[in-house]
Amino acid sequence: MRHFPSPDIGMFGRRQRHARAHRIPVRIVTRSAGALSPGTAIVIDRFGADDVMPLPGSCPCCTVRDKLQIVLRELLAERANQHQTGVVIETNNELGPILRTFATERALGAEFYVEDAPDLPGADVHQFVLTHDAPLSWDAFCRFMTTLTALRGPDLLLMKGLLNVVGCRGPVGVQCMGHLAARPVELQAWPAGERASRLEFVTRGFDAVSVRAMFDAVRALLPG
Amino acid sequence: MPDQIEWNFKLLAHHALEGFGGMGEGMSIQIAKDGRRIIWLAHESAPKNFTAVDVSDPRKPKIVVQTELPQAYMRSNSLEVVGDIMAVAYQCQQPGQKPAGFELFDISVPEQPRSIAFVDRSGEKSRGVHQLWFCDGEYVHMASGAADFVTHNQLDDQCYQIFDVRNASAPKEVGRWWMPGTRVGDAEPQPTRHKSPILDMGMRAHNTNVYPQRPDRCYLGYIDAGMFVLDISDKAHPKPLCRWDNSPPYHGFTHTVLPLFTRNLFVVTDESVVDDADDWPKLVWILDARDETNPVPIATCPLPYDAFAHAGGRFGAHNIHENVPLPTSWQSDTIIIGTFFNGGLRAYDISNPYQPREVGTFVPKAPPLAPRGTIQLNDVFVDERGIVYTVDRHIGGLYILEMDF
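Keep in mind that what you see is a predicted model, and the values were worked out from it rather than measured. (Residues numbered from 1 in each chain as written. Chains lettered and ligands numbered in written order. Predicted model: local features only at pLDDT ≥ 70, side-chain atom pairs only at ≥ 80, totals over all residues.)

Visitor: Got a sec to walk through the overall build of chain B? Specific residues and values, please.
Guide: Each helix and strand in chain B was counted, giving one helix and 29 strands. Rg of the C-alpha trace for chain B: 19 Å, near the compact-globule value of 22 Å for 405 residues, within the 12% margin. Referenced to the eigenvectors of the C-alpha coordinate spread, the extents of chain B come out at roughly 55 × 45 × 40 Å. (Helix = DSSP H or I, 4+ residues; strand = E, 2+ residues; numbered from the N terminus. Rg over C-alpha atoms; globule rule 2.2 N^0.38 Å.)

Visitor: Can you tell me about the overall build of chain A, naming the residues and giving the values?
Guide: For chain A, the helix and strand inventory stands at four helices and 14 strands. Whereas a compact globule of 224 residues would reach a radius of gyration of roughly 17 Å, chain A reaches 18 Å, a difference of no more than 12%. Dimensions along the principal axes, computed over C-alpha positions, put chain A at roughly 50 × 45 × 35 Å. The proportion of buried residues among the 224 residues of chain A is 31%. (Buried ≥ 20, exposed ≤ 12 C-beta atoms within 10 Å, placed from the backbone.)

Visitor: Describe unusual backbone geometry, listing the residues and the values that go with them.
Guide: For the bond running from B:Ser247 to B:Pro248, omega is -20°, close enough to zero to count as cis. Note that B:Pro248 resides in the loop between β19 (239-244) and β20 (254-260). With a phi angle near 55°, A:Ala21 is a residue other than glycine that sits in the positive phi range. With respect to the element layout, A:Ala21 can be found in the loop between β2 (13-14) and β3 (24-29). With 20 C-beta atoms packed within 10 Å, A:Ala21 lands in the buried category. Positioned with a positive phi, B:Asn323 is a non-glycine residue whose angle comes to about 50°.

Visitor: Could you give an account of the sheet that holds strand β5 (residues 48-54) of chain B, with specific residues and numbers?
Guide: Hydrogen bonding along the main chain pairs the strands of a sheet, whether they run parallel or antiparallel. Residues and elements named next belong to chain B. An order of β3-β4-β5-β6 is seen for the four strands of this open sheet, with the pairing classed as antiparallel. Edge strands, defined here as strands with exactly one partner in the open sheet, are β3 (23-31) and β6 (62-68). The sheet shows a mean angle of 20° between the axes of neighbouring strands, direction not considered. Pairing between β3 and strand β4 (residues 37-43): six bridges, direction antiparallel. Pairing of Ile 29 across the sheet is with Ile 39, part of β4. (Pairing = 2+ DSSP bridges. Axes fitted to C-alpha atoms, helices over the stretch in contact; angles between N-to-C directions.)

Visitor: If you had to explain the pairing of strand β27 (residues 377-382) of chain B to someone new, which residues and values would you point to?
Guide: Look at any regular strand and the pattern is simple: side chains alternate between the two faces of the sheet. Residues and elements named next belong to chain B. Among the six residues of β27, six are classified as buried, and the element is accordingly described as predominantly covered. By the bridge criterion, five bridges tie β27 to strand β28 (residues 387-392) in an arrangement that is antiparallel. Residue pairing in the sheet places Val 380 in a bridge with Thr 390 of β28. Linkage of β27 to β28, two consecutive antiparallel strands, is achieved through a turn of four residues, within which Gly 386 is found at a positive phi near 85°.

Visitor: Let's hear about the domain arrangement of chain A: which residues, and what values?
Guide: Residue and element names in this part refer to chain A. According to the domain assignment, chain A contains domain 1 (9-116) and domain 2 (125-220). Between the C-alpha centres of domain 1 and domain 2 the distance comes to 23 Å. On the side of domain 2, 20 residues touch domain 1, which itself brings 20 residues to the contact. By residue number, the principal contributor to the side of domain 1 that touches domain 2 is helix α2 (residues 95-101), which donates three residues. For the side of domain 1 that touches domain 2, the residue count by class is nine nonpolar, seven polar and four charged. (Domains from an automatic or database assignment. Contact = placed C-beta atoms within 7 Å. Nonpolar A, V, L, I, M, F, W, Y, C, P; charged D, E, K, R; others polar.)

Visitor: Give me the lowdown on the environment of A:Pro97, citing residues and values where you can.
Guide: Within the secondary structure layout, A:Pro97 lies in helix α2. On the basis of neighbour count, A:Pro97 is assigned to the buried category, with 22 C-beta atoms found within 10 Å.

Visitor: Could you give me a rundown of the interface of chain B and chain A, with the residues and numbers involved?
Guide: It is common to give the size of an interface as the accessible area that goes away when the parts come together. Listed by partner, the interface residues are 24 residues for chain B and 18 residues for chain A. Breaking the side of chain B that touches chain A down by element, the ones donating at least two residues are β1 (5-7), α1 (305-308) and β26 (357-363) of chain B.

Visitor: A description of the environment of B:His141 should follow, citing residues and the corresponding values.
Guide: Residues and elements named next belong to chain B. Looking at the secondary structure, you find His 141 in strand β13 (residues 139-144). For His 141 and Gly 83, which are 58 residues apart along the polypeptide, the C-alpha to C-alpha distance reads 17 Å. Residues within four places of His 141 in sequence aside, it is in contact with Leu 132, Trp 133, Ile 162, Thr 208, Val 210 and Cys 218.

Visitor: Summarise the nonpolar core; cite the residues concerned and give the values.
Guide: Across soluble globular proteins, nonpolar side chains have a tendency to be buried as a group. Grouped together as the largest cluster of nonpolar side chains are 121 residues, with contacts concentrated most on B:Leu41, B:Val88, B:Phe102, B:Leu220 and B:Val267. Of all the elements, strand β9 (residues 85-92) of chain B adds the most residues to this core, at six residues. Leaving out residues up to four positions away in the same chain, B:Phe102 has contacts with B:Ala87, B:Val88, B:Ala89, B:Tyr90, B:Val119, B:Val129, B:Leu132, B:Val140 and B:Met142. Among the nonpolar cores identified, the runner-up in size contains 42 residues, and A:Phe112, A:Phe144, A:Met159 and A:Ala182 belong to it. (Core = buried A, V, L, I, M, F, W, Y, C linked by C-beta atoms within 7 Å.)

Visitor: How would you explain helix α3 (residues 138-152) of chain A if you had to name every residue and give the values?
Guide: Residue and element names in this part refer to chain A. Compared with an ideal rise of 1.5 Å per residue, which puts 15 residues at 21 Å, α3 spans 21 Å between its outermost C-alpha atoms and is within 8% of the ideal. Those residues of α3 that fall on the buried side of the exposure criterion are Phe 141, Phe 144, Met 145, Leu 148 and Thr 149. Seen end-on, α3 carries its buried residues on one side only, within an arc spanning 120°. Those residues of α3 that are exposed and angled more than 90 degrees off the buried face are Ala 150 and Leu 151. Buried residues in α3 make contact with β10 (156-163), β11 (172-177) and α4 (208-220). (Expected span 1.5 Å × (residues − 1). Arc of directions from axis to C-beta.)

Visitor: An account of the sheet that holds β27(B) is needed here, citing residue identities and associated values.
Guide: All names here are of chain B. Taken together, four strands build an open sheet; the order of strands is β2-β29-β28-β27 and the sheet is antiparallel. The open sheet has two edge strands with one neighbour each: β2 (9-15) and β27. This sheet shows a mean twist of 25° between the axes of neighbouring strands, independent of strand direction.

Visitor: Give me the packing of α3(A) against α4(A): which residues, what numbers.
Guide: Residue and element names in this part refer to chain A. Viewed as axis vectors pointing N to C, α3 and α4 meet at an angle of 130°, and their least axial separation amounts to 9 Å. Judged by the angle between their axes, α3 and α4 are oblique. Judged by the sense of rotation from one axis to the other, the crossing of α3 with α4 is right-handed. Contact residues: Ala 140, Arg 143, Phe 144, Thr 147 and Leu 148 in α3; Met 214, Phe 215, Val 218 and Arg 219 in α4. Looking at the contact of α3 with α4, its residues break down into six nonpolar, one polar and two charged. (Parallel < 35°, antiparallel > 145°, perpendicular 65-115°, else oblique. Left-handed = near helix turned anticlockwise from the far one by under 90°.)

Visitor: Kindly report on the confidence of the model for chain B, identifying the contributing residues and their values.
Guide: In this model, chain B carries a mean pLDDT of 97, and residues with pLDDT of at least 70 account for 100%. Predicted complex metrics record ipTM = 0.92 and pTM = 0.96. (pLDDT = per-residue confidence, 0-100.)

Visitor: Can you break down the pairing of β28(B) residue by residue, with the values?
Guide: Residue and element names in this part refer to chain B. Burial analysis of β28 places five of its six residues in the buried class, the great majority of the element. Here β28 runs beside strand β29 (residues 398-403); their pairing, made up of five bridges, is antiparallel. Across the sheet, residue Val 391 finds its bridge partner in β29, namely Leu 398. Linking two consecutive strands that pair antiparallel, namely β28 and β29, is a turn of five residues; a positive phi of about 80° is found at Gly 397 within it.

Visitor: Would you mind going over the environment of B:Ala317 in detail, with residue names and values included?
Guide: Residue and element names in this part refer to chain B. Among the structural elements, Ala 317 can be located in the loop between α1 and β24 (335-339). The sequence separation of Ala 317 and Arg 37 amounts to 280 residues, and the corresponding C-alpha distance is 29 Å. Setting aside residues up to four positions removed in sequence, Ala 317 forms contacts with Thr 269, Asp 270, Glu 271, Ser 272, Lys 282, Leu 283, Val 284, Gly 338 and Phe 340.

Pasting the structure below:
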């Protein structure tokens, strides 16, 4: 805040104890949720495969869930009377639109955080990890992600991880699905012994070699 | 109202304090010479004076000592610890009753608190000391009556007083300040009072916070007169620099002024003092304090009125963690943690001070025999480890929690 600075506020707002911050944890299951701890709400996704829509103002590929989102917003509205400390979603529908429903603050990402979800299915899916030891400039990382999502956004099923960003005290948690990026979160401290940036990718039709090449090429154009 | 809420706080332990769990607004940590971490707690009313609890292991709190008040009409309510010295406030129910004042104890042997000095603040029109602030080992800042302080209205009986306790066995008053017009003999006109009966609570001092970042300032809650920032660079002659008063249209009982120095903000609390929220709204306010002579309210912390207001007992703001300037106190200028009676304990992220956001809630179920049928969380203190201690006003005792946000 321009007029109200704090040593606890960094480039991405208040440094958080963990990536979830204060948000309500969400678990997505494709089987029965089983026994629930007190305060956990269960949402059974019976809305069917047609319950999808593009995120308003977004590209057609960035679909989110419609009626499911309304149910989750109703849970928030009822919190004063029925406080939830967690949410479980039982579903047999496609996972991508559900995950995208939580991917940005504009959707429900300001209040909910997906802690646990099944792996994204698909025969041709690539899963790999990109690591980088030296601190990265935030500008370089943004250029890299902008280039990647411009070229292969619909095939970037998921990217998440921790970055060592120049100028940040703690690691910066990042997450991206297709063209949608969640708000970055700076954590208060690195896990003991760790300092390297580490990004996990789930992609369709492109692999670690091409992502690494793009990462190095974009970085070479910028300092840091 | 839900039975119990535990959101982003984790309850580590609960101690009913041997059945004497009606606690006031004095909570302070001592690191004893043998390394034990002991929290000293003031009781809200007789028969108990204060209780010390060993919280070295916050999951296994153990009572160290619990003491008695000499009179049933007394209440200690407030205390502070610096090193091995503890100051305890004594207030009586009626003006003229004794003993009223404050007492200093040597607590170097925590099991055996030893009185060093008693400072008499009784008087024909005095009830004694309601609250005190003692953080530097040198001065006690307090809300107190005095034999030579007589007001037009009995409700205005406690003013801001400063005591030099550098010689702990012989404390001496070095300054005082009161709302002009309240004292008999003042040249100023008497101030306009709030509406009787339940909204006229008095124009008197409550919290008297002084911090080493600005040792020349007292941040003073003054109940129905709002808040003041006092220049105390000359302790003998405190001078008001500003007054901010939200009432009317609000309902007074301004309680605490917490300055966030690095952020140029004040956090100001009202106290809910009437059951069933009949004095609602009682709020935590965020003030832009870039100009300390002209604080501007910019937000309040949201509270769930509909769910709690009529659940039983009080509902609304009261105490907050005050960033007590001691090594055993947690310091934060982005998180505000407060107690809201039946609304429990709530944490707010004010990193954007225009939009406080609730990030944690703890509302324990009603303790057995709770007179209002609900919890009435009264005060909170957070130690430098981030362990949160909160107490019930009536019977529930001490709750110890971890933050998880």
